[in-house]
Amino acid sequence: CSDYMAAVGIKEFCDCKYDAKNPEFWKKIGLPNGADVEYVCIGVKASNYFMPKETLSDKGPGGGGWILFNEYMQVKTKSEAVWGDGSIFAVGDC
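About the thresholds
- Residues numbered from 1 in each chain as written.
- Predicted model: local features only at pLDDT ≥ 70, side-chain atom pairs only at ≥ 80, totals over all residues.
- Heavy atoms only, no water.
- Helix = DSSP H or I, 4+ residues; strand = E, 2+ residues; numbered from the N terminus.
- Buried < 20%, exposed > 50% of the residue type's maximum accessible area, 1.4 Å probe, protein only.
- Contact = heavy atoms within 4.5 Å.
- Lys, Arg positive; Asp, Glu negative; His and termini not counted.
- Charge placed at Lys NZ, Arg CZ, Asp CG, Glu CD.
- Salt bridge = Lys/Arg side-chain N within 4 Å of Asp/Glu carboxyl O.
- Phe/Tyr/Trp six-rings, centres within 6.5 Å; stacked < 30°, edge-to-face > 60°.

**Q** What am I meant to see in the overall build of the protein here?
**A** Scanning the protein for helices and strands turns up two helices and zero strands. Based on the C-alpha atoms only, the size of the protein along its principal axes is roughly 40 × 30 × 20 Å. For the protein, buried positions account for 21% of its 94 residues. In the protein, 12% of the contacts between residues at least 6 apart in sequence involve partners at least 24 apart. Each charge class in the protein can be summarised by its mean position, and for the 10 positive and 13 negative side chains these summaries are 7 Å apart.

The following block contains the structure:
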């Protein structure tokens, strides 16, 4: 996964704690002016209320509603089409 992400220009930062209110955090990850948009999706429940229904599963833990994605972690629709322009990725820890 890391090899693919590096190959397509996606940067990973595993050695620092997320701290949106700290300007030093943003500088460390190469965004000195902060992010344009942030979605914080953490916890034991899927936090995907902001995603269109066509990108969410019908089945799964908790009754479904999990973000669908392909082998490149690009968000996809129920019909298997890449959602958006292919630059939207789903990441998480489960």
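The rest of the description comes next.
**Q** Is there a simple way to explain the environment of Val91 in this structure?
**A** Here Val91 shows up in the segment after α2 (23-28). Sequence-wise, Val91 and Pro61 are 30 residues apart; in three dimensions their C-alpha atoms are separated by 17 Å.

**Q** For this particular structure, what's the right way to read the pattern of salt bridges?
**A** Close approach of charged atoms lets side chains of opposite charge pair. Applying the stated criterion across every chain yields a total of three salt bridges. For the salt bridge of Glu24 with Lys27, the shortest nitrogen-to-oxygen distance reads 3.4 Å. Placement of the pair is Glu24 and Lys27 together in helix α2, with a separation of three residues, close to one helical turn. Judged by relative accessible area, which is 48%, Lys27 ranks as partly exposed. Close ionic contact of Lys76 with Glu80 constitutes a salt bridge, the shortest N to O distance being 2.7 Å. Assessed through its relative accessible area of 55%, Glu80 is described here as exposed.

**Q** Can you walk me through unusual backbone geometry in this structure?
**A** Residues other than glycine predominantly adopt negative phi, and peptide bonds predominantly adopt the trans conformation. Of note in the backbone geometry, Met73 takes a positive phi value of approximately 70 degrees without being a glycine. Locating Met73 in the fold gives a position in the segment after α2. One non-glycine residue, Glu80, lies in the positive phi region at around 75 degrees.

**Q** I'm lost on the side chain of Asn48 in this one. Help?
**A** Tracing the chain through its elements places Asn48 in the segment after α2. For Asn48, the residues in contact, after removing those within four places along its chain, are Leu56, Gly65, Trp66 and Ile67.

**Q** Got a minute to help me understand the packing of aromatic side chains in this structure?
**A** Within this structure, the stated rule accounts for four aromatic pairs. Residues Tyr49 and Phe50 carry aromatic rings whose centres are separated by 5.5 Å and whose planes lie at 90 degrees to one another, so their mutual orientation is edge-to-face. We classify Tyr49 as exposed; its relative accessible area is 74%. Three or more aromatic residues link up through ring pairs in this structure, and these residues are Tyr18, Phe25 and Trp26.

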